[in-house]
Amino acid sequence: MRSNTFGSVGRMPAIGATVALAAGMLLVLPPTAAHAAAGAALPFTSVEAESATTTGTKIGPDYTQGTLASEASGRQAVRLASGQRVEFTAPRAANAVNVAYSVPDGQSGTLSVYVNGTKLAKSLAVTSKYSYVDTGWIAGARTHHFYDDARLVLGQNVQAGDKIAFEAGNIQATIDVVDFERAEPAATQPAGSVSVTSKGADPTGQGDSTQAFRDAIASAQGGVVWIPPGDYKLTSSLSGVQNVTLRGAGHWYSTVRTSRFIDQSSSSGSVHIKDFAVIGEVTERVDSNPDNFVNGSLGPNSSVSGMWLQHLKVGLWLMGNNDNLVVEHNRILDTTADGLNLNGSAKGVRVRDNFLRNQGDDALAMWSLNAPDTDSSFENNTISQPNLANGIAIYGGTDIAVKNNLISDTNALGSGIAISNQKFLDPFHPLSGTITVDGNTLVRTGAMNPNWNHPMGALRVDSYDSAINATVNITNTTITDSPYSAFEFVSGGGHGYAVKNVNVTGATVKNTGTVVVQAEAQGAAKLGGVAATGVGVAGVYNCPYPAGSGSFALTDGGGNSGWSSTWSDCSIWPQPGQGSPDPDPTRNLLKGRPATATGSQDVGSTDGSSYSTVVDVQD
């Protein structure tokens, strides 16, 4: 979604930061009876650096906007000086790794890699080139996007229990989390397909392969374009893509180097893109540039699967006809804005089983501009570390579903999930019909909004620019370690529009910093089966704004526990764990509190003071 700066109204200035388009902790939670586990089924296992053995320094936990620890998975990481190392115990058989790291601004270097004490001939290149993004036009933003990802095929197999170490060369490096994966062998060319190399594409990445890709697409109408193992450089975007499959040998083997892959306003559809990497060169965010993997339309009945998308502004910025599009089993990493945005007109779109890390805006968004998004869903995605805005944001639309997603570590100006009538531009189509928010798990989500000078909850329902009249059903939610509140009902534009027809049924809330319910708008919600433990201040903050705009009615649906008290003084904001003055955005909001992850266990820790986030799933 495009960024816009709005003026302030009384106590509630506009968000002014969630921008257009905007991932860490991998965790499988045991499902409740008859309910699916949250998050994607992923082919790798992640281990947090703070849970590994190190000669470096652990940093965090810290929730302060603009710090390295606050942007890290689990709000903790390990800083290495030159010659220091961090050693991981492999959690599974693997032959490839992906490392989330940060190095000082303006610097590049290498990490040496050791397997069971033996140094590999290969090293891992690290750079700040794609980090330290400034978006001065976004109110409340600071320099952000400190981390990046670097991947490496080890050239040998490691087994569970083997030791893999990363040692800083002549550079300081901060290691956040490492993904361990067994990369399957490269696929072979499908019979009857048209190889881009047969049209002159250069697999060394030296020559320009743009025309070869165009010629292969033209020759393969109704068939398959084959992208063999190699690196391919494109110097301009592709258009006129329709009725064709673009397939690689796997994202570890076939890589396209371009910041603009497909840019087209329409297509007859049946475009299927799968199994290769598109890695760009986007180092800053320029919203007027279409620096996206897909910008516009793939047409009806299309799909995107098995892709590795990195160093772009946006993964997929979708406009026009994308009816029945399926986006699944992809990794979208290190974008300067959104991971994916359905920018109006989406019908029957399914975005599922994707992994997103380190987005510079909403990781997944629907924005009903020009025409409503309808009957579309975000399901079973794992999202970590959106460092400016929300994990998932629904801005308007009709009959939308957000189900079984795992979202962790939102950093600034956003919630884990936002259901909102913030329009940004006109013509906007507000929420209508039934909005289903079911089975989601939110870990360390919600953040201080410096424009408001008060916090945003883990799950926010926001009548920003107009009243919410849709039915919003929020069910089977788990919220853990929110630095502030669990559920927030607010009119973020400061106009006091009503939030109505909200039903919260079945929620487990653990260790909220302030309150379980943060009600700041007129309207009503019914809450039942909401069980809270470790509440920081009080059960409810109920102070609608502007004063006199109306009251917010909380109806007890039965089965609630652990949050019966109410914050009594609407003139001040509760401080996490204490309830004193307004939170200060520059301080550590949760100093002394562990950054725990629901269901996770330490790897290599014996005292329980640090927490890993690890998942082991089927290949």
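To be clear, the structure that these remarks concern was listed above.
Just so you know, these numbers come straight off a predicted model, no measurement behind them. (Residues numbered from 1 in each chain as written. Predicted model: local features only at pLDDT ≥ 70, side-chain atom pairs only at ≥ 80, totals over all residues. Heavy atoms only, no water.)

Asker: I'm lost on the nonpolar core in this one. Help?
Answerer: Considering soluble globular proteins, one finds that nonpolar side chains tend to be buried as a cluster. The biggest cluster of nonpolar side chains holds 84 residues, and the ones touching the most others in it are F261, I273, F293, L316, F487 and F489. Element by element, the count of residues in this core is highest for strand β46 (residues 499–510), at five residues. Apart from the residues lying within four places of it in its own chain, the contact partners of L316 are F293, V294, V304, L309, V327, I332, G339, L340 and N341. Counting residues in each nonpolar core, the second largest holds 31 residues, with V86, Y101, V178 and F180 among its members. (Core = buried A, V, L, I, M, F, W, Y, C linked by side-chain atoms within 4.5 Å. Buried < 20%, exposed > 50% of the residue type's maximum accessible area, 1.4 Å probe, protein only. Helix = DSSP H or I, 4+ residues; strand = E, 2+ residues; numbered from the N terminus. Contact = heavy atoms within 4.5 Å.)

Asker: So what exactly am I meant to see when it comes to the packing of aromatic side chains here?
Answerer: To describe a pair of aromatic rings, one takes the distance between the centres and the angle between the planes. For the structure shown, the criterion picks out 13 aromatic pairs. Ring centres of F489 and F552 lie 5.1 Å apart, and the angle between their planes is 15°; this geometry places the pair in the stacked category. Highlighted residues: F489 in strand β45 (residues 487–490) and F552 in strand β50 (residues 552–556), separated in sequence by 63 residues. Both residues of the pair, F489 and F552, belong to the buried class. One aromatic cluster is present, formed by W317, W367, Y395 and F424 through successive ring pairs. The lysine or arginine in question, R75, covers the ring of Y63, its NZ or CZ lying 4.3 Å from the ring centre. (Phe/Tyr/Trp six-rings, centres within 6.5 Å; stacked < 30°, edge-to-face > 60°. Lys NZ or Arg CZ within 6 Å of the ring centre and 35° of its normal.)

Asker: Is there a simple way to explain the state of the cysteines in this structure?
Answerer: Simply put, disulfide is the name for a covalent bond between the sulfur atoms of two cysteines. Tallied over the full model, the rule gives one disulfide. One disulfide bridge connects C543 with C570, the sulfur atoms lying 1.8 Å from each other. The sign of the -75° torsion about the S-S bond sets the C543-C570 disulfide as left-handed. Highlighted residues: C543 in the loop between β49 (538–542) and β50 and C570 in the segment after β50, separated in sequence by 27 residues. (Disulfide = S-S within 2.5 Å.)

Asker: Please clarify how the sheet that holds strand β5 (residues 85–89) should be interpreted in this entry.
Answerer: Across the sheet, five strands lie side by side as β2-β5-β10-β7-β8; this open sheet has antiparallel pairing. The open sheet is flanked by β2 (53–54) and β8 (118–127), the only strands paired with a single partner. Pairing of β2 with β5 involves two bridges; the strand directions are antiparallel. Paired with T53 across the strands is E87, a residue of β5. (Pairing = 2+ DSSP bridges.)

Asker: What am I meant to see in the environment of A168 here?
Answerer: Turning to its location among the elements, A168 is positioned in strand β10 (residues 163–168). Note on A168: relative accessible area 3%, which makes it buried. Counting along the chain gives 44 residues from A168 to L124, while the straight-line C-alpha distance between them is 9.8 Å. The residues contacting A168, other than those within four sequence positions of it, are L80, A81, S82, G83, Q84, T110 and L111.

Any functional reading would require information that these geometric values do not contain.
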